[in-house]
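Now for the letters of each chain:
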Amino acid sequence: MRPMTREEVRGAIVNLDPAAKKVRLPARFDDVRWHRIDYLGWRDMRAPTHAYLVTELDGRARGVVLRQAPNDSARGSRAVMCDLCRFARRFNEVSLFTAQRPSRDKRERLDATGLLLCTDLDCAVKVHSKPVREAFGRPVDEIIASRRGGLRSRTIAFVRSVAEPRQAPNRIAPRARIQS
């Protein structure tokens, strides 16, 4: 991912609530190793249920505000898979995050989409980890590049699904009159 400025990241959020005054950047924003990540994800320390996800989409920064749903303790100790990095983790290490779709119409403001995401937003660490077993002699660098490509494409698809307006439902068009 290419390096981004503070202003660029703040302006990238497509579903920011109009009442929200400012996007709080991560405390270690200046220490981000941009070449090692496929998205910039962080939690808002003042609002613990809020998180941000920013990536490069069509040559510019695009991002979303996410809201974490409470973890369901009924799941027990089962493993849950993150939708972005596709790593299975313990149930309390993956959470449901939702993103409101932006809309000017009040009736559509309740439209949201969600995904299961690593609670600590550290998918890049897992993607760069060395595989436990090598698959049929495939080089480790190739496996990591494949993981990164998948993470990047899934992140872009999610941000795009939030940012782009939904298609209007197909309505039956009135019949055109034929004049003879």
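Residues numbered from 1 in each chain as written. Predicted model: local features only at pLDDT ≥ 70, side-chain atom pairs only at ≥ 80, totals over all residues. Heavy atoms only, no water.

Undergrad: Residue-level account of the packing of aromatic side chains, with values.
TA: This model, assessed by the stated rule, comprises 2 aromatic pairs. Ring centres 5.8 Å apart and planes at 75 degrees place the aromatic pair phenylalanine 29 and tryptophan 34 in the edge-to-face group. With a centroid separation of 4.9 Å and an interplanar angle of 20 degrees, the aromatic rings of tryptophan 42 and tyrosine 52 are classed as stacked. Of this pair, tryptophan 42 sits in strand β1 (residues 40–43) while tyrosine 52 sits in strand β2 (residues 50–57); the two residues are 10 residues apart in sequence, bridging distant segments of the chain. (Phe/Tyr/Trp six-rings, centres within 6.5 Å; stacked < 30°, edge-to-face > 60°. Helix = DSSP H or I, 4+ residues; strand = E, 2+ residues; numbered from the N terminus.)

Undergrad: Mind laying out the pattern of salt bridges, listing which residues take part and the relevant values?
TA: Counted by the stated rule, this structure contains 11 salt bridges. Of the charged contacts in the structure, one is a salt bridge between aspartate 44 and arginine 24, with a shortest N-O distance of 2.9 Å. Of this pair, aspartate 44 sits in the loop between β1 and β2 while arginine 24 sits in the loop between α1 (6–11) and β1, and the two are 20 residues apart along the sequence. The class of aspartate 44 is buried, set by a relative accessible area of 4%. Since its relative accessible area comes to 34%, arginine 24 is described here as partly exposed. Three or more residues are tied together by salt bridges with common partners; here these are Arg89, Glu93, Asp120, Asp122 and Lys126. (Salt bridge = Lys/Arg side-chain N within 4 Å of Asp/Glu carboxyl O. Buried < 20%, exposed > 50% of the residue type's maximum accessible area, 1.4 Å probe, protein only.)

Undergrad: Could you give me a rundown of helix α3 (residues 140–163), with the residues and numbers involved?
TA: Across its 24 residues, α3 extends 34 Å between first and last C-alpha, which sits within 8% of the 34 Å expected from 1.5 Å per residue. Listing the buried residues of α3 in full gives Ile143, Ile144, Arg147, Gly150, Leu151, Thr155, Ile156, Phe158, Val159, Val162 and Ala163. Against the buried residues of α3 lie β2, β3 (60–68), β6 (94–100), β7 (112–118) and α2 (123–127). (Expected span 1.5 Å × (residues − 1). Contact = heavy atoms within 4.5 Å.)

Undergrad: Could you give an account of the pairing of β2, with specific residues and numbers?
TA: Every other side chain in a regular strand lies on the same face of the sheet, so the side chains alternate between the two faces. Of all 8 residues making up β2, 8 are buried, and the element is well covered by its neighbours. The alternating pattern of β2 places His50, Tyr52, Val54 and Glu56 and Ala51, Leu53, Thr55 and Leu57 on opposite faces, both of which are buried. Sheet topology places β1 next to β2; 4 bridges connect them, and they run antiparallel. Its bridge partner lying in β2, arginine 43 is registered against alanine 51. Note: β2 against β3, 8 bridges, orientation antiparallel. Across the sheet, valine 54 pairs through a bridge with glycine 63, a residue of β3. Between β2 and β3, which pair antiparallel one after the other, the connecting turn spans 2 residues, and aspartate 58 there sits at a positive phi close to 55 degrees. (Pairing = 2+ DSSP bridges.)

Undergrad: Describe the sheet that holds β6, listing the residues and the values that go with them.
TA: A sheet is described by the order of its strands in space; here 5 strands give the open sequence β1-β2-β3-β6-β7, paired in antiparallel fashion. Only two strands of the sheet have a single neighbouring strand rather than two, namely β1 and β7. Going from strand to strand, the sheet's axes swing by 30 degrees on average, the running direction of each strand aside. Each of β2, β3, β6 and β7 is contacted by α3, which is oriented at about 105 degrees to β2, the strand it contacts most. (Axes fitted to C-alpha atoms, helices over the stretch in contact; angles between N-to-C directions.)

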